[in-house]
Structure formats: structure tokens, C-alpha cells
Amino acid sequence: MATPIIIDGTTDRVRKTPRVVLPTNADLFAERAVRFESVAMGNAMAGYLQLMAKVARAQHAALGRRAAAAVPEAATVASRDYGMPPLSAQSHERSANWHADLADIVSDMHAQSSNGVETALAALAALDENSRESLADRVLAGTSLDDEAALVPFIGAALQTYFTRIAATLDIAALENCDVPGICPVCASRPVASVLRIGGEQANLRYLVCSLCATEWNMSRIQCSSCDTDKSVKYLVLQAEGESKAEAATRAETCDECKSYLKIFYQEKDPHLDPTADDLATLALDLLVDEQGYARSGPNLLFHPGTS
Ligand SMILES: [Zn+2]
Ligand SMILES: [Zn+2]
């Protein structure tokens, strides 16, 4: 007798672990704001982390203020048929929404009386549309912006808001073919960090977290997220006083093949961690790893050297 084909959904009980997790949590930025505040306590970068808590709160307000721009049909087809990320950051034609997001974030920061960044906020408010577009292109391309370094976190915050809002609306089934390991299957950006998750379907799996749209995608553990090798991966940690190496909640996953690194956070050590916030709270680890000759493989869009 032929094996019956189960079509009533009962096979759903044997759930596959999700390869891609879209940023559908509407409170993502609000939770990040809380996390920034908590990691600021006692941190050498406290002032900057508190400022970023305000930025994240402004992102949360902007996120809910407008609907996601529609994804062009051609991008959806190219994604489903050829595995092209549907919102590829460097080729996606941004709608006017992101200008509105930036304007909201700037005025919200004024309202939260953000001392120390008045000059940057005034400069942002004075930019014409072309200058804003050109700055956004350079932030997304990772081009060094020394003259405008102080503007980068706000442009990055507006772009995160815009891309996250659209990413949350995507059909996950159409992303099945987007599987270049080290880049986001939604927007083709590099990850800000990776997280070893606890709980739910993601438990005990390592996910890379997009620096731009907050989408997470699964990657096997002990594998370089930049060149895919599993041969020369090592871990560097910053140990707190009296803490063993194994207890450290943050490690830098370094690769001797491509000489790059990315941080990995362990949620079992702290369930409330947020990769973007925790990354900025552990810049001391970046300094240590840079000294050993490794270059960071993914950006944090809320930070540009020289902004703090
Ligand atoms: Zn992304
Ligand atoms: Zn590598």
C-alpha cells in the first residue's frame, strides 16, 4: 500500500526550525531603548548609550506612524525565483517614507532635549533631499563619513526604521531561495552580531542579526560569518574581574582565514540582550580584537568612530 500523503497539516507538529525570522515584533525598538538604558549603567560609554536609548525610542514612535512601502513586484519575483534579497539595500529604491522617519526622529530627539547633539540635529534638519539621499547611500555602502560622522547614527536609525517596517511585511516563503550565508536574506546587509538563542523554535541555534532590517537568519555554530570556513574560528573574550572565560556573555568570533571577527552573544547568560545595544555596550572588546589584527565584518549603524 502506498504511503498516504498527509495534507491536513498534522505534519506541522514536527516543526522545522526557522531558517529566517522576520522582525515582526512591533516593540523591537521600544525594547531596545530599555536595553540601552540598562546597559548604560556603569558603562564607560554611558552618555552615548543613554543617547541611543532616546534614538531607539524615537525609532519606535516613527515605526508605528506610517504603513510599510510596497515591495516592487519585480523584486518579489527575483527573490522567489533567483534568491535575490527583495530589499537589497544598495539597489532598493527608497520611498519618501524614510525622509519622514528621519524628520520624526530629529524632532523627537529635540523634544527629548538631547543635550550635546543639537549641532547634528540642526545639520540634519538643514539637509536638502539630495544630500539626505547621498548620505544614506554612503551609510549603506559603509563608506567612511568622517566629516559627517555625527550624522551617521541618525541616518542609520531612520534607515533601520524604514527597512525594518517593510521587512516585517514580507512573505517568508518567498525568501526560501535567498541563502548567501553571511548576508541578510531580506536586505543583503551584513549582520551586526550573532546570537545563540534560548527558548521557542530558535532554542540553541545561532542566528545572525541584520544590522539594518533586524531580520535574523540561522547559521551553524563555529563557522565564520564572513568567509564560511569552520577551520580557523576562535573566540576572544573580555573577562570581568573574577569571571572565568566560559562565563563571559560576549565573545568575538575571530577567523584566521579572512582575519575578520563578529561578536556572538549568549542569550542564556542574559535573556534581555539586544544585539545592537549590547554591541555598543561592549566596544572594549572591539578594541581588544582590533589590537590582535582582526577587522570587524559587520557594522553597527548607530555608531561611527568619532561620534562619541
Ligand atoms: Zn536585513
Ligand atoms: Zn573567515
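Keep in mind the model is a prediction, meaning the values are calculated, not measured.

Some remarks on the packing of helix α2 (residues 46-63) against helix α7 (residues 152-167)
The contact between α2 and α7 brings their axes to 10 Å, and the two run at 35°. The crossing of α2 and α7 is right-handed. Along its contact with α2, which presents Tyr48, Met52, Val55, Gln59, Ala62 and Leu63, the element α7 presents Pro153, Phe154, Ala157, Gln160, Thr161 and Arg165. Classifying every residue of the contact of α2 with α7 by side-chain character gives eight nonpolar, three polar and one charged.

So, the coordination of the zinc ion (ligand 2)
Of the protein atoms, only Cys224 (SG), Cys227 (SG), Cys255 (SG) and Cys258 (SG) coordinate the zinc ion (ligand 2), at distances of 2.3 Å. Seen from the zinc ion (ligand 2), its four donor atoms lie at angles of 106 to 113°, and the figure they make is tetrahedral. The sequence pattern describing where the donors of the zinc ion (ligand 2) fall on their chain is C-x2-C-x27-C-x2-C. Judged by its relative accessible area of 32%, Cys227 is partly exposed.

Considering the domain arrangement of the protein chain
The domain architecture assigned to the protein chain consists of domain 1 (20-172) and domain 2 (186-296). Averaged C-alpha coordinates put domain 1 and domain 2 at centres separated by 22 Å. Facing the 26 residues of domain 1 at the interface are 23 residues of domain 2. Buried area between domain 1 and domain 2, both sides added, is near 1,900 Å², and the carbon and sulfur share of it is 65%. If you sort the residues of domain 1 by the area they bury against domain 2, Val21, Arg32 and Arg35 come out on top, with a joint share of 33%. Inspection of the domain 1/domain 2 interface yields three salt bridges. Here Asp274 and Arg32 are joined by a salt bridge, their closest N and O atoms 3.0 Å apart. On inspection of domain 1 and its partner domain 2, the count reaches ten residue pairs in polar contact (both at pLDDT 80 or more). Elements with a minimum of two residues in the side of domain 1 that touches domain 2: β1 (20-21), α1 (28-40), α2 and α7. Of the residues that constitute the side of domain 1 that touches domain 2, the class distribution is 20 nonpolar, four polar and two charged.

Describing α2
Here α2 spans 25 Å end to end across 18 residues, near enough to the 26 Å set by a 1.5 Å rise per residue. Within α2 the residues assigned to the buried category are Tyr48, Leu49, Leu51, Met52, Ala53, Val55, Ala56, Ala58, Gln59, Ala62 and Leu63. Buried-residue contacts for α2 involve α1, α4 (97-111), α7 and α8 (275-281).

Considering the coordination of the zinc ion (ligand 1)
Tetrahedral coordination by four donors places them ideally at 109.5 degrees to one another around the metal; octahedral coordination by six donors ideally gives 90 or 180 degrees. In this structure, Cys184 (SG), Cys187 (SG), Cys210 (SG) and Cys213 (SG) serve as the protein donors to the zinc ion (ligand 1), at separations of 2.3 Å. In this structure, the zinc ion (ligand 1) is coordinated by four donor atoms arranged in tetrahedral fashion, with angles at the metal of 96 to 119°.

Here we look at unusual backbone geometry
Most peptide bonds take the trans configuration, and most residues that are not glycine carry a negative phi. Phi at Ala188 is positive, roughly 65°, even though this residue is not glycine. Look at Ala188 and you get partly exposed, because its relative accessible area is 28%.

Topic: the nonpolar core
Within the largest apolar cluster, 63 residues are counted, with the highest numbers of intra-cluster contacts made by Phe163 and Val186. Among the elements of the structure, α1, α2, α4, α5 (118-126), α6 (129-141), α7, β3 (206-210) and α8 are those that each provide at least two residues to this core. Among the elements that line this core, the one with the most residues is α7, at ten residues. Looking at which domains feed residues into this core, each of domain 1 (20-172) and domain 2 (186-296) supplies at least three. Those residues in contact with Val186 that sit more than four places away from it in its chain are Leu22, Pro85, Pro86, Leu87, Ser88, Ala167, Leu170, Leu175, Cys213 and Thr215.

Observations regarding the side chain of Arg35
Tracing the backbone through its elements, the reader meets Arg35 in helix α1. Judged by relative accessible area, which is 9%, Arg35 ranks as buried. Side-chain polar atoms of Arg35 contact the side chain of Asp270, separated by 3.0 Å. Those residues in contact with Arg35, other than ones at most four positions away along the chain, are Asp270, His272, Leu273, Asp274, Ala277 and Asp278.

Comments concerning the pattern of salt bridges
Taken as a whole and judged by the stated rule, the model has 21 salt bridges. Between Asp270 and Arg35 there is a salt bridge, with its nearest N and O atoms 3.0 Å apart. Placement of the pair is Asp270 in the loop between β7 (260-266) and α8 and Arg35 in helix α1, with a sequence separation of 235 residues. The residue Asp256 makes a salt bridge to Lys234 at a minimum N-O spacing of 2.8 Å. With a gap of 22 residues between them, Asp256 in the loop between β6 (250-255) and β7 and Lys234 in strand β5 (residues 233-237) connect regions that are remote in the sequence. Using a relative accessible area of 29% as the deciding quantity, one classes Asp256 as partly exposed.

Rules of the game
- Residues numbered from 1 in each chain as written.
- Chains lettered and ligands numbered in written order.
- Predicted model: local features only at pLDDT ≥ 70, side-chain atom pairs only at ≥ 80, totals over all residues.
- Heavy atoms only, no water.
- Axes fitted to C-alpha atoms, helices over the stretch in contact; angles between N-to-C directions.
- Helix = DSSP H or I, 4+ residues; strand = E, 2+ residues; numbered from the N terminus.
- Left-handed = near helix turned anticlockwise from the far one by under 90°.
- Contact = heavy atoms within 4.5 Å.
- Nonpolar A, V, L, I, M, F, W, Y, C, P; charged D, E, K, R; others polar.
- Donors = N, O, S within 2.8 Å, 3.2 Å for Na, K, Ca; no water.
- Tetrahedral: all angles 85-135°; square planar, octahedral: opposite > 155°, others 65-115°.
- Buried < 20%, exposed > 50% of the residue type's maximum accessible area, 1.4 Å probe, protein only.
- Domains from an automatic or database assignment.
- Buried area = accessible area lost by both parts, 1.4 Å probe.
- Salt bridge = Lys/Arg side-chain N within 4 Å of Asp/Glu carboxyl O.
- Polar contact = N/O pair within 3.5 Å; in protein donor to acceptor, adjacent residues only side chain to side chain.
- Expected span 1.5 Å × (residues − 1).
- Core = buried A, V, L, I, M, F, W, Y, C linked by side-chain atoms within 4.5 Å.

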